[in-house]
Amino acid sequence: MNITAVRIFPFETREAGGRTVAYAEIEIDGGLLLRGLRVMETGSRGLFVGYPAQRARREKLVEMVVPLTSEARRAVHRAVIGEYKRVSGWQPAAQPAGSPPA
């Protein structure tokens, strides 16, 4: 799998209590465009990629896109998070004094 382009769309939701900091789309092998990826941030996990999901019966979320291998998941993560850091200048939050690193 060759990710040929990554586009980041900053979308700040932290002020409203959300975790999404941007949306992303990736182009795979110059022939497939995947939209709806979310760049999310938590205190414990840092930045991670959320995949497009849809609500099914009884409010269960079902991911619409699922990487089938750990290599594919890592490639998407590296490409999206790397581009987000480049575009936004993101730096990890400073650890409070006396707390162990995450």
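Thresholds, definitions, all that
Residues numbered from 1 in each chain as written. Predicted model: local features only at pLDDT ≥ 70, side-chain atom pairs only at ≥ 80, totals over all residues. Heavy atoms only, no water. Helix = DSSP H or I, 4+ residues; strand = E, 2+ residues; numbered from the N terminus. Buried < 20%, exposed > 50% of the residue type's maximum accessible area, 1.4 Å probe, protein only. Areas by Shrake-Rupley, 256 points an atom, 1.4 Å probe, with all protein chains shown as cover. Contact = heavy atoms within 4.5 Å. Patch = residues over 30% accessible without salt bridge, like charges linked within 9 Å, V, L, I, M, F, W, Y side chains within 5 Å. Salt bridge = Lys/Arg side-chain N within 4 Å of Asp/Glu carboxyl O. Pairing = 2+ DSSP bridges. Axes fitted to C-alpha atoms, helices over the stretch in contact; angles between N-to-C directions. Core = buried A, V, L, I, M, F, W, Y, C linked by side-chain atoms within 4.5 Å.

## Quick notes on the overall build of the protein chain
Okay, step 1: Of regular secondary structure, the protein chain possesses 1 helix and 6 strands.
Okay, step 2: Reading the protein chain from its N terminus to its C terminus gives the helix and strand order β-β-β-β-β-β-α.
Okay, step 3: The buried share of the protein chain, reckoned over its 102 residues, is 31%.
Okay, step 4: As displayed, the protein chain offers around 7200 Å² of accessible surface, 53% of which is attributable to carbon and sulfur atoms.

## Notes on the side chain of Thr-42
Okay, step 1: Topologically, Thr-42 is positioned in strand 3 (residues 32-42).
Okay, step 2: A residue is classified by how much of its surface remains accessible, and Thr-42, at 16% relative accessible area, is buried.
Okay, step 3: Among all residues touching Thr-42, those that are not within four sequence positions of it are Arg-19 and Phe-48.

## Focus: unusual backbone geometry
Okay, step 1: In this structure, Asp-29 is a non-glycine residue whose phi angle is positive, near 50°.
Okay, step 2: Take Asp-29: it is sitting in the loop between strand 2 (20-28) and strand 3.
Okay, step 3: Given the relative accessible area of 52%, Asp-29 is considered exposed.

## Quick look at a nonpolar patch on the surface
Okay, step 1: A surface patch of nonpolar side chains, amounting to about 280 Å² of accessible area, comprises Phe-9, Phe-11 and Tyr-23.
Okay, step 2: Positionally, Tyr-23 belongs in strand 2.

## Here's the deal with the sheet that holds strand 2
Okay, step 1: Across the sheet, which stays open at both edges, the 4 strands sit in the order 1-2-3-4 with antiparallel pairing between neighbours. Looking at which strands have only one partner, the edges of the open sheet turn out to be strand 1 (3-10) and strand 4 (46-50). Neighbour-to-neighbour, the strand axes of this sheet turn through a mean angle of 25°, independent of strand direction.
Okay, step 2: The pairing of strand 2 with strand 3 spans 7 bridges and is antiparallel. Bridge pairing in strand 3 links Tyr-23 to Arg-38.
Okay, step 3: Against the sheet, helix 1 (residues 70-88) engages strand 1, strand 2, strand 3 and strand 4, with an angle of about 125° to strand 4.

## Describing the environment of Lys-60
Okay, step 1: The topology assignment puts Lys-60 in the loop between strand 5 (53-55) and strand 6 (61-63).
Okay, step 2: The residues contacting Lys-60, other than those within four sequence positions of it, are Gln-54 and Arg-55.

## Description of the nonpolar core
Okay, step 1: By size, the foremost hydrophobic cluster in this structure holds 18 residues, and its most contacted members are Ile-26, Leu-37, Val-39, Val-80 and Tyr-84.
Okay, step 2: When contributions to this core are tallied by element, the ones reaching two or more residues are strand 1, strand 2, strand 3, strand 4 and helix 1.
Okay, step 3: Sort the elements by how many residues they give to this core and strand 2 lands first, with 5 residues.
Okay, step 4: Ignoring anything within four residues of it in the chain, the contact list for Leu-37 reads Ala-22, Tyr-23, Ala-24, Ile-26, Val-49, Gly-50, Tyr-51, Pro-52, Val-76 and Val-80.

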